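Residues per chain are reported as follows:
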Amino acid sequence: MFKLGNVKKSCYNKFMLSNKNILIGITGGIAAYKICELIRMYKKANANVRVVLTPNALNFVTKLTLQTLSNNEVYVENFTIDEYKPEHIALTESDIFVIAPASANTISKLANGICDNLLLSTACAFNKPVLVVPAMNTNMWNNNFVQENLSKLTKCGYHILEPDNGFLACGTNGVGRMREVEDIFEKTLEILSGKLKGKKILITAGGTKEKIDPVRYISNSSSGKMGLALADVAFSMGADVTLISTFKVEKPYKNVLTETALEMEKVVKENIEEQDCVIMTAAVADYRVKEVSEQKIKKEKCDNLTLELIKNPDILKEISSLKTKAIIVGFCAESENLLENAKIKIQNKGCDYLVANDISRKDIGFNSEENEVYILDKNLNIEHIEKNTKLNIAKQILERVFE
Ligand code: C5P
């Protein structure tokens, strides 16, 4: 695996990108001129580079420059044929699509499936990693539509290299400056090296639903967002992901829908043998109704309804006691004495890591886009992960667990 973080300083290995086909997409922004240097970096690392531009991008860089640097044909037009295949399909035969600089216009069109130029049609047909590197004026970057569209792209598994705060071509200082080409190069390496390639990871998510009768159930406030973020990030890091959730998702990885704790237990146990890691993010109900009514309970029949609840299996505890190769990660949500309770819990459950979060806080946790957690290991070492988006927290958890 490549050592990241020092590409700027060191001379990078000239075979780092051997056999890699990189497609660069350039849109109409002043930072387009910097992509000439990026092409040279990719080429020096032995990649095959092809370039597709939006018609607006041609105002900033010439085809001749890009052709000379990439030693390849450069593509702009939508309706020509390359080796008897439509160009937007021929271009998808690449390992990664790096769209840099990505304008507000192209980001918004990408997020809405619009295909009115060759770059966009190619992106729409592209089923491998896409790295989007925005560059724009600060007000455009802060625009609600642009931000909404960016989060749509993130949710769909696109990698976003967020812009820097700095001097902009429009003469102002602020967020919107395209990240340095060294950062883009490094991010490309990170994505292509797939830190979790070859790892099988099973993740549970959502609150289980314990049936009372055919229409009613007991559940909890878990949104499943943390588990979903872990599954998305693990997938983008190259892992073979299975998400077992109480809600259905349309994702490029395996998703098994389960409702109750018993169903979840069965699927987890059926799949655990082959896993390298199991992350129990789901809020599994501790109790279920002893006798589930086959028919809808009629309120006319009784004024007081008493439900007898019986204990559910503790899936995390049970799988932690099995002798499998999987690293087992549990979650704990506490409303008081977070770390004291977490220390007791990891010992009681016997899992390898426990991620603790404070549910008394309104700004993080349940249903929120953000979280702040502590990771405990078996030796009761504690690492604090500061408040951040659930996607970033997920990345840090996975990096810690697979350190
Ligand atoms: O004991 P507590 O519910 O706080 O533990 C939370 C952790 O245990 C989570 O990782 C959750 O997925 C898991 N759990 C479980 N089976 C249960 C209850 C919780 O696997 N019945």
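Residues numbered from 1 in each chain as written. Predicted model: local features only at pLDDT ≥ 70, side-chain atom pairs only at ≥ 80, totals over all residues. Heavy atoms only, no water.

Student: Where do I start with a nonpolar patch on the surface in this structure?
Tutor: A contiguous nonpolar patch, built from Y287, L305, L307 and L309 and spanning about 350 Å² of accessible area, is present on the exposed surface. Topologically, L305 is positioned in the loop between β17 (287-289) and β18 (309-311). (Patch = residues over 30% accessible without salt bridge, like charges linked within 9 Å, V, L, I, M, F, W, Y side chains within 5 Å. Areas by Shrake-Rupley, 256 points an atom, 1.4 Å probe, with all protein chains shown as cover. Salt bridge = Lys/Arg side-chain N within 4 Å of Asp/Glu carboxyl O. Helix = DSSP H or I, 4+ residues; strand = E, 2+ residues; numbered from the N terminus.)

Student: Would you take a moment to explain helix α5 (residues 118-125) for this structure?
Tutor: Residue pairs spaced three or four apart in an α-helix point in one direction, given the helix's 3.6 residues per turn. With respect to burial, α5 is a largely interior element, six of its eight residues being buried. Measuring from the backbone nitrogen of L119 back to the side-chain oxygen at the start of α5 gives 3.1 Å, which picks out N117 as the cap. (Buried < 20%, exposed > 50% of the residue type's maximum accessible area, 1.4 Å probe, protein only. Polar contact = N/O pair within 3.5 Å; in protein donor to acceptor, adjacent residues only side chain to side chain.)

Student: Would you take a moment to explain the nonpolar core for this structure?
Tutor: Generally speaking, soluble globular proteins have nonpolar side chains that are buried together. Core analysis: the largest hydrophobic core is formed by 37 residues, its most contacted members being L17, Y42 and I184. Every element with two or more residues in this core is listed here: β1 (21-26), α1 (35-44), β2 (48-53), β6 (96-102), β7 (130-134) and α8 (181-193). The contact partners of I184, leaving out residues within four places of it in the chain, are L38, Y42, V98, A100, L131, V133, L161, M178 and R179. Residues V233, A239, V329 and V401 belong to the second largest nonpolar core, which totals 30 residues. (Core = buried A, V, L, I, M, F, W, Y, C linked by side-chain atoms within 4.5 Å. Contact = heavy atoms within 4.5 Å.)

Student: I'm lost on the site of the ligand in this one. Help?
Tutor: In the neighbourhood of the ligand, 13 residues make up the surrounding shell, with M280, A282, L316, F331 and K345 lying closest. M280 places a polar main-chain atom, nitrogen or oxygen, 2.6 Å from an oxygen atom of the ligand. For the ligand, an oxygen atom lies 2.8 Å from a polar atom in the backbone of L316. Taking 450 Å² as the accessible area of the ligand by itself, protein coverage stands at 87%. Listing elements by their share of the shell around the ligand, those giving two or more residues are α11 (315-321), β19 (327-334) and α12 (338-349). (Near = heavy atom within 4 Å.)

Student: What am I meant to see in the sheet that holds β2 here?
Tutor: Sheet strands associate in pairs through backbone hydrogen bonding, adopting either a parallel or an antiparallel arrangement. Strand order in the open sheet formed by six strands is β3-β2-β1-β6-β7-β8, and the pairing between neighbours is parallel. Strands with a single pairing partner mark the edges of an open sheet, and in this sheet they are β3 (74-75) and β8 (159-160). Alignment of β1 against β2, held across six bridges, turns out to be parallel. The residue of β2 that forms the bridge with I22 is V49. On top of the sheet, α5 reaches β1, β2, β3 and β6; it is set at about 140 degrees to β6, its chief contact. (Pairing = 2+ DSSP bridges. Axes fitted to C-alpha atoms, helices over the stretch in contact; angles between N-to-C directions.)

Student: How do you make sense of the pairing of strand β11 (residues 200-205) when you look at a structure like this?
Tutor: Sheet faces and side chains relate simply in a regular strand, where the side chains alternate between the two faces. Burial analysis of β11 places five of its six residues in the buried class, the great majority of the element. As paired strands, β11 and strand β14 (residues 240-245) are joined by six bridges and run parallel to one another. Looking at the pairing, T204 lines up with I244 of β14. Pairing between β11 and strand β16 (residues 277-280): four bridges, direction parallel.

Student: Mind showing me how you'd approach the sheet that holds strand β21 (residues 370-377) here?
Tutor: Pairing is mixed in the open sheet, where eight strands are placed in the order β15-β14-β11-β16-β19-β20-β21-β22. A single partner strand is all that each edge strand has here, and the edge strands are β15 (254-257) and β22 (382-389). Taken pair by pair, the neighbouring strands of this sheet meet at an average axis angle of 20 degrees, ignoring direction. Across the face of the sheet, helix α10 (residues 261-271) comes into contact with β11, β14 and β15 while running at roughly 175 degrees to β11.

Student: Got a minute to help me understand the environment of P101 in this structure?
Tutor: Note that P101 resides in strand β6. Put simply, P101 and V133 are 32 residues apart on the chain and 5.6 Å apart in space, counted from C-alpha to C-alpha. With sequence-adjacent residues up to four places away left out, P101 is seen in contact with I26, T27, G29, A31, A32, I35, V133, A135 and M178.

Student: Where do I start with the pattern of salt bridges in this structure?
Tutor: A side chain of one charge can pair with a side chain of the opposite charge when the charged atoms of the two come close. Summed over all chains, the structure comprises 25 salt bridges. In this structure, D232 and K251 form a salt bridge, with 3.2 Å as the shortest nitrogen-oxygen distance. On the criterion of sequence distance, the pair formed by D232 in helix α9 (residues 225-236) and K251 in the loop between β14 and β15 is long-range, its members being 19 residues apart. Judged by relative accessible area, D232 falls into the buried class, the value being 15%. What makes K251 partly exposed here is its relative accessible area of 23%.

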